[in-house]
Amino acid sequence: MARVLTPRAEDFPRWYQDLIAKAQLADNGPVRGTMVIRPAGYAIWERMQAEMDNRIKAAGAENAYFPLFIPENYLKREAEHVEGFSPELAVVTHGGGKPLAEPVVVRPTSETVIGEFMAKWVDSYRDLPLLLNQWANVVRWELRPRIFLRTSEFLWQEGHTAHADEADARAYARRILHEVYEDMMVNVLGIPVVVGRKTARERFAGATSTYTLEGMMGDGKALQLGTSHELGQNFAKAFDITYSAATGGMEHAWTTSWGTSTRMLGGLIMTHGDDNGLRVPPRLAPIQAYVMVVKAGDGVTEAAAKLRDALRDAGVRVALDERVDTPFGRRAVDAELKGYPVRVEVGPRDLAAGNAVVVRRTDGSKTPVPVADTVGAVLAALDADQQALHDEALALRQSRTVEVATLAEAIEAAATGWARVPWSAVGAEGEAEANGQGVTVRCLVRADGSVPDSEDEPDLIAILARSY
C-alpha cells in the first residue's frame, strides 16, 4: 500500500493529492480552480449534507434558493463587504451575445441578494425571526486552488437570518455554532474542533463578530471548517430591512449568516487519512460495511449475500462485492483507499470453519468471527471505531499544541503545530507580524475554552498556527 500513495511523512501535500485521485474522490475541472466531484466523493458529501440539513432544520431554519447572479450594485451597497470580496469576484459582462446594461456578479456569498428579499418579506416584529438556509454553489476566484480546500467554485450551505434584537441574533449565531456545526463535526465527522472567536483582522467582511471552528490536520496545520457571523445592523441598514416594533415605530433588524462547505471533505481526508488511504468515520460513511467474496466456492456467494441482508436489516449501510473475476488483492486495496469502516471477507476456507473475517479499517485488525455473530461484531466495531478516530485526532492535537508566553515562541511553535499564547502578548501589531511569517491567529478563546463575547475581554488565549 505504501507504493500506492506517497507516505504522509514524506510529502503530506502529495499524499493528499494521491489519495483524492486513487480513491476516486474528485478530479480537477477543465477551468483552473474548478473540480469534478466523483461518485465516491459525492456520496460522502451527500451524507454530510443530510446530517447538516437535519441539524439546521432542528434549529428552526427553512431551506430556500436564491439566484446565482447578483446585480453589481447590490454588492456596492455594503462597502466593507464588497471590499472584502472584490479580489475574488467573477463578473459577467455579456449575456445573449450582447453587453449587459449592468454587470452581474456570480455569487461569492448571498448576504446582499438575501438582504434585498428580507427587506421585502419583513414588515412587522411578527415576521421575525426569519430563518433561512440554502444549499448552493458559490464562486470565489482562488489564486492557489487545491481540491476541496480552496476551489474557484465550491458547494456549501449558507444560512441567513433576521432578528428583532441583537441578543436574539447573537444567541442564534451561537446556537448554529454549537448545536449544528460543533455537534456535526465532533460527533459525525469525528474531528475535535476548537471553537472560538475570530479577531477583527480575520472576521468576515461586513460582520461585527465571526465565530469559527478550527481543526488540526494530520500535518499540524489548521483548517477552518465552518463559521457563524453576527452582522449587526450593517446589512439591514444597507438594504433597509426594517420592521414595525411591538412598541411602535420602525426598527432595523439584526442579521446573521453562517456556512460550511465541501472544505469539510478536505478536512476529513487530512484528519483521518493514513498511508493506506481514507478512513471514513462510521456515522458518516455511505458504506459502513463492505461484504467481500474472497473467491468462488460452494455456497460462498450465497452466504455473503445473506450477511449483507442481515447487516442491512440491522440498520447498517452495506454493499456486496462479488466480483470474483477481479483479483481479491486489488479489490481489498480499493476498499482500503476508499476508507470503508469495516470489511466482511467471506471465503471458502473460513466459511468451511463457520466463520467470516471482520477487518476494521481504523486499526487494520482482522478477526475471524462465527457467521452467526458477524452482525454483532460489525455493530460493535462501528461504535468503537467512531470514537477511536475522534480520540486519535484529539491525541494528535494535544501532542502538537504547546503553551507559550511570547509571540516569538508562538511563531516558532507554529512550524510544527499550534501555539496557545496570551492574546495580550500578541495584539493587533503582533498579529500583523505573525501574518508576515505565514502564521495566523486562528481564534481567541477564554481560559476555560469557551467562546468570548469580545476580543477585548481580559485573559483571552490566542491560538496561532499555519493553515490551509
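The following refers to the structure shown. These numbers were taken from a predicted model, which means no experiment stands behind them. (Residues numbered from 1 in each chain as written. Predicted model: local features only at pLDDT ≥ 70, side-chain atom pairs only at ≥ 80, totals over all residues. Heavy atoms only, no water.)

### Side note on the side chain of serine 110
Then, number 1: By the element assignment, serine 110 lies in the loop between strand E6 (98-106) and helix H5 (111-121).
Then, number 2: Within the structure, the side chain of serine 110 is placed 2.9 Å from the side chain of glutamate 158, a separation counted as a polar contact. (Helix = DSSP H or I, 4+ residues; strand = E, 2+ residues; numbered from the N terminus. Polar contact = N/O pair within 3.5 Å; in protein donor to acceptor, adjacent residues only side chain to side chain.)

### Observations regarding the environment of proline 286
Then, number 1: Assignment of secondary structure puts proline 286 in the loop between helix H8 (263-272) and strand E15 (289-293).
Then, number 2: Judged by its relative accessible area of 28%, proline 286 falls in the partly exposed class.
Then, number 3: Taking C-alpha positions, proline 286 is 42 Å from isoleucine 241, a pair spaced 45 residues apart along the chain.
Then, number 4: When residues no more than four places from it in sequence are discounted, the contact partners of proline 286 are Ala43, Ile44, Arg47 and Arg317. (Buried < 20%, exposed > 50% of the residue type's maximum accessible area, 1.4 Å probe, protein only. Contact = heavy atoms within 4.5 Å.)

### A word on the pairing of strand E14 (residues 254-261)
Then, number 1: Of all 8 residues making up E14, 7 are buried, and the element is well covered by its neighbours.
Then, number 2: When strand E8 (residues 153-163) meets E14, the two strands line up antiparallel, connected through 8 bridges. Bridged to glutamine 157 within E14 is threonine 260.
Then, number 3: Here 4 bridges tie strand E11 (residues 222-230) to E14, and the two strands are oriented antiparallel to one another. Bridge pairing links threonine 227 to glycine 259 in E14. (Pairing = 2+ DSSP bridges.)

### With respect to the environment of arginine 360
Then, number 1: Counting through the fold element by element, arginine 360 comes out in strand E18 (residues 355-360).
Then, number 2: Looking at arginine 360, the relative accessible area reads 23%, which means it is partly exposed.
Then, number 3: Along the chain, arginine 360 and lysine 306 lie 54 residues apart, while their C-alpha atoms are 20 Å from each other.
Then, number 4: Aside from chain neighbours lying at most four places away, what touches arginine 360 is Pro341, Ser365, Ala381, Ala384 and Asp385.

### Let's talk about the layout of surface pockets
If a probe the size of a water molecule is rolled over the atoms, the empty space left behind becomes visible.
Then, number 1: Approximately 1600 Å³ is the volume found for the largest pocket.
Then, number 2: If you go around the largest pocket, you meet 45 residues; those closest to its centre are Glu88, Arg140, Glu142, Arg150 and Arg263.
Then, number 3: Elements that contribute at least two residues to the lining of the largest pocket include exactly helix H4 (79-85), E8, E11, E14 and strand E22 (440-445).
Then, number 4: Of the residues assigned to the lining of the largest pocket, the class counts are 15 nonpolar, 15 polar and 15 charged.
Then, number 5: In this structure, the second largest pocket occupies an estimated 290 Å³ of space.
Then, number 6: Lining the second largest pocket are 17 residues, with Val193, Val194, Arg397, Arg420 and Ile463 sitting closest to its centre. (1 Å grid on protein atoms, 1.4 Å probe; cavity = no way out; pocket = protein on both sides within 12 Å on 5 of 7 lines; lining within 4 Å. Points joined across faces, edges and corners; volume = space filled by probe spheres on them. Nonpolar A, V, L, I, M, F, W, Y, C, P; charged D, E, K, R; others polar.)

### Regarding the pairing of E22
Then, number 1: For E22, the buried fraction is high: 6 of the 6 residues fall into the buried class.
Then, number 2: Across 5 bridges, E22 lies against strand E23 (residues 461-465) in antiparallel orientation. Paired with valine 445 across the bridge in E23 is isoleucine 461.

### Overview of the sheet that holds strand E5 (residues 90-95)
Then, number 1: An order of E4-E6-E5 is seen for the 3 strands of this open sheet, with the pairing classed as antiparallel. Unpaired on one side and paired on the other, strand E4 (69-71) and E5 mark the two borders of the sheet. Strand-to-strand twist across the sheet, computed as the mean angle between neighbouring axes with direction ignored, equals 50°.
Then, number 2: Bridging between E5 and E6 involves 5 bridges; their strand directions are antiparallel. Residue pairing for E6: valine 91 is matched across the bridge by valine 105. (Axes fitted to C-alpha atoms, helices over the stretch in contact; angles between N-to-C directions.)

None of the figures reported here should be taken as evidence of function without further support.
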